[in-house]
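Each chain is listed here by its residues.
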Amino acid sequence: MTMIAIGGVIGAGLFVGSGSAIRQAGPAVLVAYAAVGALAVLVMRMLAEMAVAQPETGSFSSYAGRELGPWAGLSVGWLYAYQWCITVGFEAIAGAAVAHHMLPSIPTWLAALVLMVALIAVNFARVESFGTFEFWFAMIKVAAIIAFLLIGLAAVLGALPNTSAPGTTNLLGHGGFAPNGWLAVLQASLVVFFSYFGTEVVTIAAGEAKDPAQAVRRGINSVVWRILLFYIGSITVVVMLLPWNSTAVTDSPYVAVLGHLGVPFAGTTMNFIVLTAVLSCLNSGIYSSSRMLHSLAERGEAPALFARTTRLGVPAPAVLAASSIGLLTVVANYFLPTTAVYQFLLDSSGAVAVVVYLCITVTHLRGRARLMRERPEALTVRMWAYPWLSLLVLAALLAIIAGMAADSGSRRSLLLTLLVTAVAVVAGLITQRARHPKNAAEPAPSRTLV
């Protein structure tokens, strides 16, 4: 379960997307990674509290339905499934681009098709197969990042042969720590949010674990050191060893660093690592989206078809639905340049992650108060400094949304996200009114996968 948590969050967003964030904010991108990382840790702590008290496959969608009403569960569940469907397409394109770079004779659309078919097949097997694949994918990624950090730390300290310590030259010497201003740091936060998204997969998988409470506790507890070590540590190495405005850093920061240090076969090695990370996130995306659709269907908030499972307990129709955008991406990639499809998917993902985090926070504030009244013994994992830290997270998320609205560069993405959210909320309210005409606040019963 811990490896599933790692697998869900370390993908193209870190290895590829971080270059875009560095280009936007310069070395001050470290502030964005640290701030958003702190928010992610706090949100995951809230989610851990709710998941340990009552683990369900629907995770925060089920909790929102219980605490805020069926409309909230339906809205955030569909938004989350939509986000992961987009991510599946995004990761398929990223993986295909890497595969094409390694084997130029293979066209990107064919590479994307092969990746999609392979991972769909994995998700059609037992959940144990998914866990096994994620375990080994995550092991490769963890080993690669640790090796990168050790090599980078040696270079920063000047301990590598023929390499002098850079000091603060690259950190402060190319226009300062925040060369594009602090508004650019806020703009980079959207890319950073996309990178961190996926940690919550462990609470969704908990519904199929043998010991859900213990699995969630261990998986979520790993978030803190993972964020500090993998994200902030590796990005620190990048901005200290190379100028932030280097073209190589923008294209592929990890390959650029290893190439700068003269590591043999750096490009090939990192391309393999990036491909592994992409496959892992693609795998997690299909799993997360399909299980959310299955949970929604069981609660009557999605087509009943998605509630059907195979004899192995796999929600096959939901898996196919979760893979649909990825498969459509393959078709689009056949007719359009890779960069066009890639950029469209990145833009269309919008700020859904911020909205989902916002819903988790509100759900926790409501749910914690109820549990303290009705079942205080269930609170074996508690959010720190409740309610003040929860309210601080709520304020920070609202501030990010306000900042995005004020910035012309992110306003279109935010408006698109708010439009999709509004459609989901209206659909949720209509469904709730139709199903609960007398008591619209009463949530539908939820079940977990067996």
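For the structure itself, look to the data block above.
In this report, we go over the structure that sits alongside the text. (Residues numbered from 1 in each chain as written. Predicted model: local features only at pLDDT ≥ 70, side-chain atom pairs only at ≥ 80, totals over all residues. Heavy atoms only, no water.)

Here we take up the packing of helix α3 (residues 17-25) against helix α10 (residues 182-196). At a closest axis distance of 8 Å, the pairing of α3 and α10 adopts a crossing angle of 175 degrees. Considering their axes alone, α3 and α10 lie roughly antiparallel with respect to each other. Side by side, α3 and α10 meet where Gly17, Ser20, Ala21, Gln24 and Ala25 of the first sit next to Ala184, Val185, Gln187, Ala188, Val191 and Val192 of the second. Residue classes in the contact of α3 with α10 are distributed as seven nonpolar, four polar and no charged. (Axes fitted to C-alpha atoms, helices over the stretch in contact; angles between N-to-C directions. Helix = DSSP H or I, 4+ residues; strand = E, 2+ residues; numbered from the N terminus. Parallel < 35°, antiparallel > 145°, perpendicular 65-115°, else oblique. Contact = heavy atoms within 4.5 Å. Nonpolar A, V, L, I, M, F, W, Y, C, P; charged D, E, K, R; others polar.)

Glancing now at the side chain of Arg370. Within the fold, Arg370 resides in helix α19 (residues 352-374). Those residues in contact with Arg370, other than ones at most four positions away along the chain, are Arg66, Glu67 and Arg375.

With that out of the way, let us pick up unusual backbone geometry. Looking along the chain, the bond that leaves Tyr386 and enters Pro387 is cis, with omega of 0 degrees. Topologically, Pro387 is positioned in the loop between α19 and α20 (388-406). Phi angles above zero are rare outside glycine, and Ala385 is one such case at about 50 degrees. On the accessibility criterion, Ala385 (48% relative accessible area) is partly exposed. (Buried < 20%, exposed > 50% of the residue type's maximum accessible area, 1.4 Å probe, protein only.)

Relative to the helices and strands, Asn283 is located in helix α15 (residues 266-298). When neighbours within four sequence positions are excluded, Asn283 is seen to be in contact with Leu119, Val122, Asn123, Phe130, Phe133 and Glu134.

The subject of this paragraph is the environment of Cys281. Note on placement: Cys281 falls in helix α15. Between the C-alpha atoms of Cys281 and Glu91, which are 190 residues apart in sequence, the distance is 7.0 Å.

What follows covers the environment of Gln83. Tracing the sequence through the fold places Gln83 in helix α6 (residues 70-102). Counting along the chain gives 270 residues from Gln83 to Ala353, while the straight-line C-alpha distance between them is 7.8 Å.

Tallied over the entire structure, the rule returns five salt bridges. Residues Arg368 and Glu49 are paired through a salt bridge, measuring 2.8 Å at the closest nitrogen-oxygen approach. Here the residue Arg368 occupies a position in helix α19, and Glu49 occupies one in helix α4 (residues 29-53), the gap between them amounting to 319 residues. Each member of the pair Arg368 and Glu49 is classed as buried. (Salt bridge = Lys/Arg side-chain N within 4 Å of Asp/Glu carboxyl O.)

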